[in-house]
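# Structure assessment
As a plain string of letters, each chain reads:
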Amino acid sequence: MPDAGPSFTVKLAETEAELRAAQRLRYDVFVRELGGGGEMVDHDAGLEKDRFDPYFDHMLAYDDATGEVVGVYRLLPGERAMELGQFYSEDEYDLTVLKQSGRKLLELGRSCLHRDYRGGTAMYHLWNGLAGYVNERKIEVLFGVASFHGIDVQELAQPLSMLHHNHLAPPDLRVRAQPDVFQSMDLVAPDVLDRRAAMVQVPALIKAYLRLGGFVGEGAFIDHAFNTTDVCLILDTERMNERQRRIYGGT
């Protein structure tokens with residue numbers, strides 16, 4: 001019989017050990033691989049963690065063959081952000097337009113895959129789990145920061161400009177980078193934009209959101225601690241067409 005490839009189980013972390021498994025993978029990717037840091041990073045134990053972790057749900061993808069966590073997603077429903085007093089990305093983005101919309105919000109973050117599982121079906125299974133979570137809780141708008149590696153804006157001028165010109169959120173969803181950290185994404189005029197070259201530089205996660213009809217907020221944020229340039233992605237489930245819904249729902 002042909003090899004069907006790895007199989008995965010996706011679930012929410014329920015124990016301290018499962019949360020540590022998520023933080024361990026995040027350390028491997030964000031600290032070891034990408035050179036990030038943060039005040040609560042535990043280098044001795046190899047855990048990437050922060051003060052927001054206790055409030056988030058942590059979605060884990062396990063490789064059934066090894067029992068190892070190979071993918072994670074961090075999820076914060078709007079009502080829990082109210083308890084916390086803020087969304088994680090509010091330090092970077094003014095989310096007033098979303099918070100005043102009266103719609104059910106979900107913040108996504110810290111998405112990563114073990115390097116051996118990139119380009120395979122693990123991300124598909126995480127998306128499928130996320131779709132189930134969203135449907136169960138009747139979430140209407142998903143958002144969160146996603147990152148380009150590096151902080152040289154000129155090197156990223158083409159992809160940032162392409163996102164600004166072609167995928168800027170409509171006014172009712174258009175969050176904006178906080179004034180004191182606002183980095184313009186309008187760096188290359190539309191008539192000299194090389195869309196193909198720009199898309200080559202766009203990380204896979206951002207491309208996935210664009211395929212689903214996602215938008216970007218206005219302005220980027222330079223995250224020196226994580227050595228990244230962040231954009232805010234917004235996905236309105238009501239604006240998705242049927243094809244996009246099928247992709248998102250994993251069919």
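Before going into details, it helps to say that this report is about the structure given with it.

What counts as what
- Residues numbered from 1 in each chain as written.
- Predicted model: local features only at pLDDT ≥ 70, side-chain atom pairs only at ≥ 80, totals over all residues.
- Heavy atoms only, no water.
- Buried < 20%, exposed > 50% of the residue type's maximum accessible area, 1.4 Å probe, protein only.
- Helix = DSSP H or I, 4+ residues; strand = E, 2+ residues; numbered from the N terminus.
- Contact = heavy atoms within 4.5 Å.
- 1 Å grid on protein atoms, 1.4 Å probe; cavity = no way out; pocket = protein on both sides within 12 Å on 5 of 7 lines; lining within 4 Å.
- Points joined across faces, edges and corners; volume = space filled by probe spheres on them.
- Nonpolar A, V, L, I, M, F, W, Y, C, P; charged D, E, K, R; others polar.

Here we take up helix H7 (residues 204-211). Among the residues making up H7, those that are buried are Ile206, Ala208, Tyr209 and Leu210. Residues of H7 that are buried make contact with strand S3 (69-77), strand S5 (105-113), helix H4 (122-137), strand S6 (141-149), helix H5 (157-167) and strand S10 (228-236). One or two positions beyond H7, positive phi appears at Gly213, with a value near 90 degrees.

Remark: the empty space left among the atoms is shown by a probe the size of a water molecule rolled over them. Summed over the entire model, instances satisfying the criterion amount to 1 cavity of 30 Å³ or more. Computed from the structure, the largest cavity encloses a volume of approximately 40 Å³. Lining the largest cavity are Phe56, Arg74, Tyr88, Ser89, Glu107, Leu108, Gly109, Gly144 and Val145. When residues of the lining of the largest cavity are traced back to their parent elements, those giving at least two are S5 and S6. Top contributing element to the lining of the largest cavity by residue count: S5, with 3 residues. A per-class count over the lining of the largest cavity returns 4 nonpolar, 3 polar and 2 charged.

On to the layout of surface pockets, then. If you add up the space inside the largest pocket, you get close to 1200 Å³. Ser111, Pro203, Ala204, Leu205 and Ile206 are, among the 46 residues lining the largest pocket, the residues nearest its centre. Mapped by element, the contributors of at least two residues to the lining of the largest pocket are helix H1 (16-33), S5, H4, S6, H7, S10 and helix H8 (242-249). Residue composition of the lining of the largest pocket, grouped by class: 27 nonpolar, 11 polar and 8 charged. The wall of the second largest pocket is formed by 18 residues, among which Asp50, Phe52, Tyr88, Arg110 and Phe226 lie closest to the centre. Taken together, the residues of the lining of the second largest pocket break down into 7 nonpolar, 2 polar and 9 charged.

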